[in-house]
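Listed below are the residues making up each chain.
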Amino acid sequence: MDQTKISISLLTSERAIRDAFTVMSELRGHLDEETYVALVKEAQGKDQYHLAALYYQNKIVAAVGFKPKITLYYGRFVWVNDLVTTASMRSHGLGETLLRYVENWALAHGYEAVALSSGLQRTDAHRFYEQKMAYDRVSYVFKKVLNNN
């Protein structure tokens, strides 16, 4: 893969956010485009969410969503909410490139670590995080959906 044809940009305009929907929908298929755009804009405004796209030959082929956080457990860290490479471009190092981008962003902004969760069924992703990216498996994430009726 010709690295000179790769660029990464933070997406802030609605048009740019929409342009990343096709790739992001491969990971977040439960979202329609309008809901996706609304959630990204709200998260950017209220939760310091950053959405970055990796372009190859001027086309978005991977995306990452992340936000800085502070907790007593992790200290100052960056949480990766979303990381996806379009199916046809996987296994070319693009996920690694985007995750390194987040790691560099974290260091440049004074954060000590990067953390993420990954679905239990995503064994290929787990292998990528642990073996390729040297991330440690440190916990399980639990979720409870609350009924607002």
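Residues numbered from 1 in each chain as written. Predicted model: local features only at pLDDT ≥ 70, side-chain atom pairs only at ≥ 80, totals over all residues. Heavy atoms only, no water.

Undergrad: In this structure, what is going on with the nonpolar core? I would like to understand it.
TA: Considering soluble globular proteins, one finds that nonpolar side chains tend to be buried as a cluster. Formed by 25 residues in total, the largest nonpolar core has its most connected members in V64, V78, V80 and L99. Within the residue set of this core, elements represented by two or more residues are β2 (50-56), β3 (59-71), β4 (75-85), α4 (94-108), β5 (113-116) and α5 (123-132). Look past the residues within four positions of V78 in its chain and what remains in contact with it is F66, K67, P68, V102, W105, A106, Y111, A113, V114 and A115. Counting residues in each nonpolar core, the second largest holds 19 residues, with L11, F21, V37 and A53 among its members. (Core = buried A, V, L, I, M, F, W, Y, C linked by side-chain atoms within 4.5 Å. Buried < 20%, exposed > 50% of the residue type's maximum accessible area, 1.4 Å probe, protein only. Helix = DSSP H or I, 4+ residues; strand = E, 2+ residues; numbered from the N terminus. Contact = heavy atoms within 4.5 Å.)

Undergrad: Hey, could you run me through the packing of α4 against α5 in this one?
TA: Any two packed helices are characterised by how steeply their axes cross, that is the angle between the axes, and by the distance between the axes. Put simply, α4 and α5 touch, their axes get as near as 12 Å, and they point 60° apart. It follows from the interaxial angle that α4 and α5 lie oblique. When the axes of α4 and α5 are compared, the crossing they make is right-handed. For the pair α4 and α5, the contacting residues are G95, E96, L99 and R100 in the first and F128, Y129 and K132 in the second. Split by residue class, the contact of α4 with α5 holds three nonpolar, one polar and three charged. (Axes fitted to C-alpha atoms, helices over the stretch in contact; angles between N-to-C directions. Parallel < 35°, antiparallel > 145°, perpendicular 65-115°, else oblique. Left-handed = near helix turned anticlockwise from the far one by under 90°. Nonpolar A, V, L, I, M, F, W, Y, C, P; charged D, E, K, R; others polar.)

Undergrad: Explanation requested: unusual backbone geometry in the structure shown.
TA: In terms of backbone geometry, most residues other than glycine have negative phi values and most peptide bonds are trans. The phi torsion at S91 lies on the positive side, around 70°, for a residue other than glycine. Positionally, S91 belongs in the loop between β4 and α4. Unlike most non-glycine residues, A134 shows phi in positive territory, near 60°. With a relative accessible area of 59%, A134 lands in the exposed category.

Undergrad: Would you explain the pattern of salt bridges in this entry?
TA: Where charged atoms from two side chains of opposite charge come close, those side chains can pair. Counting across every chain of the model gives 13 salt bridges. The partner of E42 in a salt bridge is K46, and the shortest N-O contact between them spans 3.2 Å. Placement of the pair is E42 and K46 together in helix α3 (residues 33-47), with a separation of four residues, close to one helical turn. Classification of K46 by relative accessible area gives exposed; the value is 68%. Here the salt bridges do not stand alone but share partners, grouping E14, R18, E33 and E34 into one network. (Salt bridge = Lys/Arg side-chain N within 4 Å of Asp/Glu carboxyl O.)

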